[in-house]
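# Breakdown of the fold
Below are the chains, spelled out letter by letter.
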Amino acid sequence: MICSVSNHEKKHFVITDQDALRKKVVTFEMPEGGPTENPEPTKFEEFIPEDTNGGILSSMSPVNGKSFVAQYSLNFNRLDPNSSGTLSTARKQEDDFFFATFSGFNNPGVIKQSRSKEKDVDSFEGHTWTTWRKTRVKGLLADEFNTKQVWYKSKDGVDVAMCIVWHKDTPLDGTAPAIQYGYGGFSYTMRPSFPVSFLTFVKAFKGVLAVPGIRGGAEKGEQWHLDGIRENRVKVYDDFIYATKYLVDNKYAAPGKVAINGGSNGGTLVAACINRAEEGTFGAAIADVGVMDLLKFPQFTIGAAWVSDYGDPRDPNDFDFIKAHSPLHNVPNFKEKALPPTILLTADRKLSHLLRDPCVSTADTTGNR
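So, here is what we can say about the structure in this document. (Residues numbered from 1 in each chain as written. Predicted model: local features only at pLDDT ≥ 70, side-chain atom pairs only at ≥ 80, totals over all residues. Heavy atoms only, no water.)

## Observations concerning the overall build of the chain
Scanning the chain from terminus to terminus reveals 7 helices and 19 strands. Residues classed as buried in the chain amount to 45% of the 369 residues present. Look at the contacts in the chain between residues 6 or more apart in sequence, and 59% of them connect residues 24 or more apart. Accessible surface for the chain amounts to roughly 19,500 Å². Of this, 52% is attributable to carbon and sulfur atoms. (Helix = DSSP H or I, 4+ residues; strand = E, 2+ residues; numbered from the N terminus. Buried < 20%, exposed > 50% of the residue type's maximum accessible area, 1.4 Å probe, protein only. Contact = heavy atoms within 4.5 Å. Areas by Shrake-Rupley, 256 points an atom, 1.4 Å probe, with all protein chains shown as cover.)

Spelled out as structure tokens, the structure:
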């Protein structure tokens, strides 16, 4: 993967994960003249090396003429030792200032400006921060909510980070309801935000919101993504199931009162987990626009682009491990296990071929059709 950042005259700056799973910045110079039949190999020089302390480079922006603002994520989006959050920046290369938006599970958004003491200097040392605007959401006060990052063991003993959010009136005695949201795929990082719908639930029902950074995403870098693809997809599902176990075992949530939710790849996650988990693990499940038939998905819309994570069912070497966890092909017999109350939501295209398939019908957890 390579991502262009900026250029100065002939020199270009790019972010890459080649030989750097947590990413680094390299430079190269564009050759003079037009295209040639036998171009010289591009020579890359390292500009910012991969962070040795585990930080994941997420962006780099030019500012103040000669400077850059590099943004790193460490330990599931830690902003400081006491909180997790998301930081985004807006800038122009010629300005001696830039704006940064800080947000998180108990912060709907604060915009601050950072200004350098001098124009066109090589360092932002001595810069100052000024608060420009704070976002407020009617009916949801930021200080009503508490947030905490925990680490739990997955089925294979791997440590997984999870953010837990609860209202100040939520009882942490093992009686609270919870919503657990996840994605776990395509190198997408679950970043802390201020989800109004979920926080409304947390406040109204004195509940809990949990967001685990499961494998398949990039919460720990590209290797975390690679650890959850193809044959390892089942590790993603186990990470999500064991997050629920942690919530119950540590009395954040009541047994049978954890509702799970996810969209797109997260919808696939939810459907696979209700098939895979022990009966009674989840209280309810909402799978939004999930890929439910993993043996046919390359045939429709942009499904062929998803074989990087799921594998290719058209390849005999991939078929068996895909079928073993494809949600549609692993719905348990109702006499063997009752599934939790489940809603499958779809748009007009992703699962429309299944809805038209005369071999597919719907059934509730008692077997009634």
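## Topic: the packing of aromatic side chains
By the definition in use, this model includes 17 aromatic pairs. Where F186 meets Y310, the ring centres are 5.6 Å apart and the plane angle is 90°; that geometry is what we call edge-to-face. Placement of F186 in the loop between β15 (178-181) and α1 (196-204) and of Y310 in helix α5 (residues 307-310) is noted, with a sequence separation of 124 residues between them. Each member of the aromatic cluster is reached from another via a ring pair, and the members are Y152, W166, Y246 and Y252. Over the aromatic face of F102 sits the side chain of K112, whose NZ or CZ is 5.6 Å from the ring centroid. (Phe/Tyr/Trp six-rings, centres within 6.5 Å; stacked < 30°, edge-to-face > 60°. Lys NZ or Arg CZ within 6 Å of the ring centre and 35° of its normal.)

## Looking at the sheet that holds strand β11 (residues 107-115)
Pairing between the strands of a sheet is mediated by backbone hydrogen bonds and can be parallel or antiparallel. The strand order across the open sheet built from 4 strands is β9-β10-β11-β12, with neighbouring strands paired in antiparallel fashion. A single partner strand is all that each edge strand has here, and the edge strands are β9 (86-91) and β12 (128-134). Recorded for the sheet is a direction-independent mean angle of 25° between the axes of neighbouring strands. Note: β11 against β12, 6 bridges, orientation antiparallel. By the bridge assignment, K112 is partnered in β12 with T131. (Pairing = 2+ DSSP bridges. Axes fitted to C-alpha atoms, helices over the stretch in contact; angles between N-to-C directions.)

## Details of the side chain of N261
Note that N261 resides in strand β17 (residues 258-263). Of note is the side chain of N261, whose polar atom sits 2.8 Å from the backbone oxygen of I286. Separated by 3.3 Å, the side chains of N261 and D288 make a polar contact. (Polar contact = N/O pair within 3.5 Å; in protein donor to acceptor, adjacent residues only side chain to side chain.)

## With respect to α1
Within α1, burial applies to F198, L199, F201 and V202. Taken down its axis, α1 places every buried residue within 155° of arc, on the same side. Opposite the packed face of α1, turned more than 90 degrees from it, sit the exposed residues S197 and A204. One or two residues past the end of α1 sits K206, with phi positive at roughly 50°. (Arc of directions from axis to C-beta.)

## Re the pairing of strand β13 (residues 145-153)
When β13 meets strand β14 (residues 159-167), the two strands line up antiparallel, connected through 9 bridges. If you follow Y152 over to β14, its bridge partner there is V160. Counting the residues in the hairpin turn of β13 and β14 gives 5 residues, including G157, whose phi is positive at 90°.

## Remarks on the packing of helix α3 (residues 233-249) against helix α4 (residues 265-276)
Relative orientation and spacing of two packed helices are given, respectively, by the angle between their axes and the distance between those axes. Packing of α3 against α4 brings their axes to within 9 Å, and their N-to-C directions diverge by 75°. Relative to α4, α3 is oriented roughly perpendicular. The residues of α4 that touch α3, namely those facing R233, V234, V236, Y237, D238, F240 and I241, are N265, T268, L269, A272, C273 and R276. Per-class residue counts for the contact of α3 with α4 are 8 nonpolar, 2 polar and 3 charged. (Parallel < 35°, antiparallel > 145°, perpendicular 65-115°, else oblique. Nonpolar A, V, L, I, M, F, W, Y, C, P; charged D, E, K, R; others polar.)

## Focus on helix α6 (residues 316-323)
Buried residues of α6: D318, F321 and I322, and no others. Angular distribution of buried residues about the axis of α6 spans 100°; they occupy a single face of the element. Exposed and oriented more than 90 degrees from the buried face of α6 are P316 and D320. Among the structural elements, α5 are those in contact with the buried residues of α6. Here α6 starts with a cap whose side-chain oxygen sits 2.9 Å from the backbone nitrogen of N317, and that cap is D315.

## Remarks on the pairing of strand β3 (residues 24-29)
Here is the key point about a regular strand: its side chains alternate between the two faces of the sheet. Within β3, 5 of the 6 residues are buried, which leaves the element mostly enclosed by the surrounding structure. One ladder, built from 6 bridges, connects strand β2 (residues 11-16) with β3; its direction is antiparallel. When the sheet's bridge partners are listed, K11 is paired in β3 with E29. With 3 bridges connecting them, β3 and strand β4 (residues 45-48) associate as antiparallel partners. The residue of β4 that forms the bridge with V26 is E46.

## Remarks on the nonpolar core
With 35 residues, the main nonpolar core has M162, I164, L247, I260 and C273 as its most contacted residues. Counting only elements with at least two residues in this core, the list comes to β13, β14, β16 (208-212), α3, β17, α4 and β18 (284-288). If one sorts the elements of this core by residue count, α3 sits on top with 7 residues. For L247, the residues in contact, after removing those within four places along its chain, are M162, I164, Q180, A210, Y252, A253 and V258. In terms of nonpolar packing, the next biggest core, distinct from the first, is built from 15 residues, F105, L140, I179 and Y183 among them. (Core = buried A, V, L, I, M, F, W, Y, C linked by side-chain atoms within 4.5 Å.)

Such coordinate-based values are descriptive only and should not be taken to indicate function.
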